[in-house]
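Architecture and fold: a report
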Amino acid sequence: MLGYYFDLALRSLRRNKVLTALMVLAIALGIGASMTTLTVLHVLSGDPLPGRSSTLYYAQIDPRDMSGYLPGKSQPMHQMSWIDGMNLLRAKRAGRQALMTGGLVAVQPHNTMLDPFYEAARYTTADFFTMLGVPFEYGHAWNTSDDEAHARVAVISTALNDKLFGGTDSTGQTLRLSGAAFRIVGVLGNWHPNPHFYDLNRKSYGENEGVYVPLSSSQDVGMHHDGSVTCWGKGGTGINPDHASRCAWLQFWVQLDTPAEAAAYKTFLIHYSEQQKVLGRFQRPPNVQLRDVMQWLDYNQVVPDDVRLQTWLAFGFLLVCLVNTVGLMLAKFMRRAGELGVRRALGASKRSLFAQLLVESGVVGLTGGVGGLLLALLGLWLVRQQPAEYAPLAHLDPAMLLATFLLALGASLLAGLLPAWRACQIAPALQLKMV
Amino acid sequence: MDILPILSTLRLHKVTSLLLILEIALTCAIVCNAMFLIGQQLRHMNLPSGIAEHELVQIQLGYIGNTPDAKAQTQSDVAALQQIPGVKQVGLDRYLPFSLDGSSNTGIKLDPQQHQNTLDAGQYLGQNLLPTLGVRLVAGRNFEPGEYVDFDTAVAALNGGDMKGLPQVMIITRAIAERLWPGQQALGKTLYTDSGIPFRVIGVIAVLARQNNLQQGAQYSTYWPIRMTSADGASYFIRCAPQDREPVLKAAVAKLKQLNPNRVVLKARTYDQARRAYFANDRAMAGILAGVIAALLVVTALGIAGLASFWVGQRRRTIGVRRALGATRRNILHYFQTENFLLATIGIALGMVLAYGINLLLMLHYELPRLPAMYFPVGAIALWLVGQLAVLGPALRAAAVPPVVATRSV
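Computed from a prediction, not measured in an experiment: that's the story for all the values here.

A closer look at the overall build of chain A
In terms of helices and strands, chain A carries 14 helices and 13 strands. Relative to the 2.2 N^0.38 estimate, which gives 22 Å for 435 residues, the radius of gyration of chain A is 31 Å and therefore markedly larger than a compact globule would have. Across the 435 residues that make up chain A, the buried fraction comes to 46%. Across chain A, every contact between residues at least 6 apart in sequence was considered, and the portion connecting residues at least 24 apart equals 77%.

Concerning the environment of Phe279(B)
Residues and elements named next belong to chain B. Within the secondary structure layout, Phe279 lies in the loop between α8 (271-278) and α9 (280-314). Assessed through the 19 C-beta atoms surrounding it within 10 Å, Phe279 is described here as partly exposed. Placed 107 residues apart in sequence, Phe279 and Ile172 show a C-alpha to C-alpha distance of 25 Å.

Examining the sheet that holds strand β12 (residues 235-240) of chain B
Residue and element names in this part refer to chain B. If you trace the 4 strands from one edge of the open sheet to the other, you get β2-β12-β1-β13, paired in antiparallel fashion. Each of the sheet's edge strands pairs with one partner strand only, and the pair in question is β2 (87-93) and β13 (263-270). The average undirected angle you get between the axes of adjacent strands in this sheet is 20°. Against the sheet, helix α3 (residues 70-83) engages β2 and β12, with an angle of about 155° to β2. Set on the sheet, helix α7 (residues 245-259) makes contact with β1 (56-63), β2, β12 and β13; between it and β1 the angle comes to about 20°.

Some remarks on the interface of chain A and chain B
Counting from both sides, the interface comprises 45 residues of chain A and, opposite them, 47 residues of chain B. With 18 residues, the single largest contributor to the side of chain A that touches chain B is helix α10 (residues 305-335) of chain A. Residues that form the side of chain A that touches chain B fall into these classes: 22 nonpolar, 17 polar and 6 charged.

Topic: the domain arrangement of chain A
Assigned domains of chain A: these are domain 1 (2-45 + 304-434) and domain 2 (53-299). Relative placement of domain 1 of chain A and domain 2 of chain A: their C-alpha centres are 50 Å apart.

Calculation notes
Residues numbered from 1 in each chain as written. Chains lettered and ligands numbered in written order. Predicted model: local features only at pLDDT ≥ 70, side-chain atom pairs only at ≥ 80, totals over all residues. Helix = DSSP H or I, 4+ residues; strand = E, 2+ residues; numbered from the N terminus. Rg over C-alpha atoms; globule rule 2.2 N^0.38 Å. Buried ≥ 20, exposed ≤ 12 C-beta atoms within 10 Å, placed from the backbone. Contact = placed C-beta atoms within 7 Å. Pairing = 2+ DSSP bridges. Axes fitted to C-alpha atoms, helices over the stretch in contact; angles between N-to-C directions. Nonpolar A, V, L, I, M, F, W, Y, C, P; charged D, E, K, R; others polar. Domains from an automatic or database assignment.

So, in structure tokens, the structure goes:
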């Protein structure tokens, strides 16, 4: 029976080619636009570290003076000062912990064919790699004793390894960074966490850093800091913040495997703040936050407002397209009242008539859905040509592919439901009289 | 034209008419808001910077290893840059207005004991900035050489709590002066930074936009007499005639490399390029919104035309009868045009309410002002026009129906 309805649908649609094309186009445009924006939203609000993100926490404390303090409203500082970061690191109250900041290093290649260039870098303590589950293509990370020994060791990204060493195993080689010699101990594997959650100051999306060196060594060499610095009271800074200055410029991440551990760590942060207040370093009452990765991304509102707005806009557009299709489909079905009347008179039940019309609208919807998918691919290609920093990430994944088909099918059935139901309500006798 | 017969006909096609009205209303509401958003983006993109935008180029250098001779190096760099033909002024600063690279900001207070800052302002540091950027002083004077403090000295003084090592004077924009001392002369008055450091105002500039954080007051900028070196992260800014920018940039980069090859050129661009990059997202968004408006109007037009064709086909006999009873072609044409006008008007009226609602919703989630009334008539005219254009074809076809149709069955 379904085959027969399908055949009928095709015949009916072929009779009115322009109109059919119009309905298919409207659905395709609506679905194409919504799927494009929805995919971008999906990619941008994704979990950068699935499986680990719920046990990684970003610690925030508030070492500022009372100026501007609003009890209960003031959020703690976004970053840590050197003194606090070091104190928390030495306290070792979490299973794994990493104190880090972003920077820029001058890379002087061995290969004299290449000019020296600047590369984004991360200065961090050793747990960064184990805590974030960073894969290695060659070699390994450095360890805590390297941090303490101020070892001149470095880890580089695959992209930088390709550029400098043609993709070969470069561990053990010497690399000159900002005028000092570092030994390469590891080359990262394929690792592109997005959003760039562990430091949102440089940018929220995009490639991760090319060079990773121990925080201690980076400070010995005087490598440039790159990122945001917030100073309070009488604190100021040049490119490289002074370790004793009242400036916050480091990020402190901890791994806490259970909620109980997280609660205990938060209590520890409050105790630390109280203790610092007694010592006279802090002035505000303890003001701490401990957010896991997704909470931290949410708090920082990393998904750009423009992207949300575009999604709303696209769904508004889809709604207009759907209303349009409902109107056209209804007009089309009502025009065939005579034919439907004959079928009813010949014994077809309302149900079978309804099924027939739904098959017809389903055909329109599915064709529109396929068109919408093609348009979404085109739309995502267009998004990738945009100047935004998230642009290169806009790709369709299997989940969104499935969502597209469901949306198309749902939308077209929805669009077919009302017209089909209305068309079934006609009285056969009245229609036959008019024929 | 009689409206009543049209209304009674429409009552026969209640659902279809309602759908058409709904489509027009939705389109109208979205188009009004999208146009408003485009207006906002354009206003944002056209914010005045206050500087001679088309006459500036920027060169930023990165050093390899330590730079003990940064001050001497900067002096010889500036001297050499001034020798390049076409160069009018050379200045140093870290960031310019509308900067993607970063910003430097400070809280400003009228009283050092004040708990909350009066305002938050952008901070410009560097030497020879006003002549280089072409910023106009409306009152007071520029800094004198003796008033400048070296950047590293100032940072050390600040961290050490030594007020004498800090600059004592400041130049502010008119926007700040009017906010702090409305209706009064700002020159000679004292303001305080958020940490309570006093500065005497010695000059007021007309317009100078801040680097970013524009929502905190796009025209709140301060200029401090602090001498920078290229190793402090400052860029060289060179002013020259617009047509000289490319050759000057090329010559300047070559000169700087020749003076000290042990550094990397991080940026070499015109200010126009920097400003374009800052507003690139706004431009893209405005383009997307314009595309959505066009697509919506086209889809709606096609929907109207499609439905009108159906109605014309359905009413061929009625039209024939009317023609046979003496209605002219013009009457028939007008009938369909008026019908469309009526539907569009109801849709537009509904759309206005909806547009206002959407605007309220957007205001909750985004920093947007209220939708100005001028967008309503614009949206209405757009939809009336689209409706009339879309219905013209089917209406002409209806007008062409010969009276003889009335005599035929089916």
